[in-house]
Amino acid sequence: MSKIIEAEKVSYIYQTKYQKTKALSEVSCSFERGKVYAITGKSGSGKSTFLSLLAGLDVPAEGTLYVDGEDMKEMDRDAYRMNRASVIYQAFHLFPLLTVQENVMFPMELQHVPQKEAEARAKEHLAKVGLPDTLYKKMPNMISGGEQQRVAIARAMASGGEILLADEPTGNLDSQNERVIVDLLCKLAHEENYAVIIVTHNEAVAAAADVVYGMSDGALTVVRE
Ligand SMILES: Nc1ncnc2c1ncn2[C@@H]1O[C@H](COP(=O)(O)OP(=O)(O)OP(=O)(O)O)[C@@H](O)[C@H]1O
Ligand SMILES: [Mg+2]
């Protein structure tokens, strides 16, 4: 299986006026398509920092992140974020003034997919995440948290990427909805060949992953693979 992302001794430092925080320290690991990864660890251990580097929001202070063998520092990271890697969050982050369907069409609009095609594809993705079409014209605040997270997953799929990053995706959900979201994320990896990387505090979510990494004080270790 091919590695889609490889981290080689990745370090990251937050520098503010008064202090420096070394949030990641020589993190090395890799991610393959078709697998679900969980990253666990205490609050402040560096999980979200690592996820934002994987998302291309910033680059390591030291070390290298490779995507399909290419150094992320040399890549067009805007294109990477638009076309290849999507992030979903605990608080869903849907656009409040767009309908469910418009939210899913949004990444395709950025990619200049023709309207009709974007609409058809949005409907396909929404069906894949199991949302009934009676919800497509609703605004995000009119649907449940579990439904909103499913829309966020459909929107991530709509960008056509191959990497799905999730920061505590079930943190705001009850255990039943948590199960639905975890099953969906596993399906994306196992049936659609995504690399799915989930930051989580939740044991049940980690148990569903194929590989578990642990983060502690900015250092990453393999918990299970
Ligand atoms: N924008 C920032 N500026 C300065 N320091 C930061 C910033 N964001 C995070 N940090 C620090 O970097 C370290 C790692 O933070 P990070 O958010 O990656 O942890 P986390 O594992 O995601 O924690 P949590 O489980 O609470 O979300 C912490 O010491 C944190 O205080
Ligand atoms: Mg975090």
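Residues numbered from 1 in each chain as written. Chains lettered and ligands numbered in written order. Predicted model: local features only at pLDDT ≥ 70, side-chain atom pairs only at ≥ 80, totals over all residues. Heavy atoms only, no water.

S.K.: Break down the overall build of the protein chain for me, citing the residues and quoting the values.
M.R.: Tallying secondary structure elements over the protein chain gives seven helices and 10 strands in all. When the backbone C-alpha atoms are referred to their principal axes, the protein chain occupies close to 50 × 40 × 35 Å. Summarising the internal contacts of the protein chain: among those between residues at least 6 apart in sequence, 69% fall at separations of at least 24. When the accessible surface of the protein chain is split by element, carbon and sulfur atoms take 48% of a total near 10900 Å². A gap of 2 Å separates the mean positions of the 24 positive and 31 negative side-chain charges of the protein chain. (Helix = DSSP H or I, 4+ residues; strand = E, 2+ residues; numbered from the N terminus. Contact = heavy atoms within 4.5 Å. Areas by Shrake-Rupley, 256 points an atom, 1.4 Å probe, with all protein chains shown as cover. Lys, Arg positive; Asp, Glu negative; His and termini not counted. Charge placed at Lys NZ, Arg CZ, Asp CG, Glu CD.)

S.K.: An account of the sheet that holds strand S7 (residues 163-167) is requested, with residue identities and associated values reported.
M.R.: Spatial strand order, S6-S7-S8-S3-S9-S10: six strands in an open sheet with mixed pairing. The sheet is open, and its two borders are formed by strand S6 (85-89) and strand S10 (219-224), each paired with just one other strand. Averaged over all pairs of adjacent strands, the angle between their axes in this sheet comes to 20°, without regard to strand direction. Two strands pair when backbone bridges link them, and S6 and S7 are joined in this way by five bridges, in the parallel orientation. Opposite Ser86, over in S7, you have Leu164 as the bridge partner. The strands touched by helix H5 (residues 145-158) within the sheet are S6 and S7, with S6 carrying the most contacts at an inclination of about 170°. (Pairing = 2+ DSSP bridges. Axes fitted to C-alpha atoms, helices over the stretch in contact; angles between N-to-C directions.)

S.K.: How would you sum up the environment of Glu8? Please name residues and give values.
M.R.: Note that Glu8 resides in strand S1 (residues 3-15). Linking Glu8 and Ser28, residues 20 residues apart in sequence, is a C-alpha distance of 4.6 Å. Setting aside residues no more than four positions away along its own chain, Glu8 makes contact with Val27, Ser28, Gly63, Thr64 and Tyr66.

S.K.: Tell me about the layout of surface pockets, and please be specific about residues and values.
M.R.: One number sums up the size of the largest pocket: a volume of about 500 Å³. Elements that contribute at least two residues to the lining of the largest pocket include exactly helix H2 (77-83), S6, helix H3 (100-110) and H5. Ranked by residues supplied to the lining of the largest pocket, first place goes to S6 with five residues. Class assignment for the residues of the lining of the largest pocket results in 14 nonpolar, three polar and three charged. (1 Å grid on protein atoms, 1.4 Å probe; cavity = no way out; pocket = protein on both sides within 12 Å on 5 of 7 lines; lining within 4 Å. Points joined across faces, edges and corners; volume = space filled by probe spheres on them. Nonpolar A, V, L, I, M, F, W, Y, C, P; charged D, E, K, R; others polar.)

S.K.: Describe the nonpolar core, listing the residues and the values that go with them.
M.R.: Across soluble globular proteins, nonpolar side chains show a tendency to be buried alongside one another. Core analysis: the biggest nonpolar cluster contains 42 residues, and Ile88, Leu126, Val151, Ile153, Leu164, Leu185 and Val196 have the highest contact counts within it. Counting residues per element, the ones that place at least two in this core are strand S3 (36-41), H3, helix H4 (115-128), H5, S7, helix H6 (175-192), strand S8 (195-199) and helix H7 (203-208). Setting aside residues up to four positions removed in sequence, Val151 forms contacts with Leu94, Val100, Asn103, Val104, Leu126, Leu131 and Ile143. (Core = buried A, V, L, I, M, F, W, Y, C linked by side-chain atoms within 4.5 Å. Buried < 20%, exposed > 50% of the residue type's maximum accessible area, 1.4 Å probe, protein only.)

S.K.: Hey, could you go over the pattern of salt bridges for me, with residue numbers and the actual values?
M.R.: Two side chains with opposite charge may pair up if their charged atoms get near one another. Inspection of the entire model under this criterion finds 11 salt bridges. Across the pair Arg33 and Asp68 runs a salt bridge, and its minimum N-O distance is 3.4 Å. Of this pair, Arg33 sits in the loop between strand S2 (20-32) and S3 while Asp68 sits in the loop between strand S4 (62-67) and strand S5 (70-71), and the two are 35 residues apart along the sequence. Exposure remark for Arg33: the relative accessible area of 17% places this residue in the buried category. Assessed through its relative accessible area of 40%, Asp68 is described here as partly exposed. Among the charged side chains, a network of salt bridges with common partners joins Arg33, Asp68, Arg84 and Glu162. (Salt bridge = Lys/Arg side-chain N within 4 Å of Asp/Glu carboxyl O.)

S.K.: Just give me the short version of the sheet that holds S5, but keep the residues and values in it.
M.R.: Read from one edge to the other, the open sheet built from four strands follows the order S2-S1-S4-S5, with strand pairing classed as antiparallel. This sheet does not close on itself; its edge strands, each paired only once, are S2 and S5. Across the face of the sheet, helix H1 (residues 47-54) comes into contact with S1, S2 and S4 while running at roughly 60° to S2.

S.K.: Break down the site of ligand 1 for me, with residues and values.
M.R.: Around ligand 1, the neighbouring residues are Tyr14, Thr21, Ala23, Lys42, Ser43, Gly44, Ser45, Gly46, Lys47, Ser48, Thr49 and His201. At a separation of 2.7 Å, an oxygen atom of ligand 1 approaches a polar side-chain atom of Lys47. Interatomic distance of 2.5 Å between a side-chain N/O atom of Thr49 and an oxygen atom of ligand 1. Across the complex, the protein chains shield 60% of the 640 Å² of accessible surface that ligand 1 would expose by itself. Mapped by element, the contributors of at least two residues to the shell around ligand 1 are S2 and H1. Ranked by residue count, the leading element in the shell around ligand 1 is H1, at three residues. Classifying every residue of the shell around ligand 1 by side-chain character gives two nonpolar, eight polar and two charged. (Near = heavy atom within 4 Å. Polar contact = N/O pair within 3.5 Å; in protein donor to acceptor, adjacent residues only side chain to side chain.)

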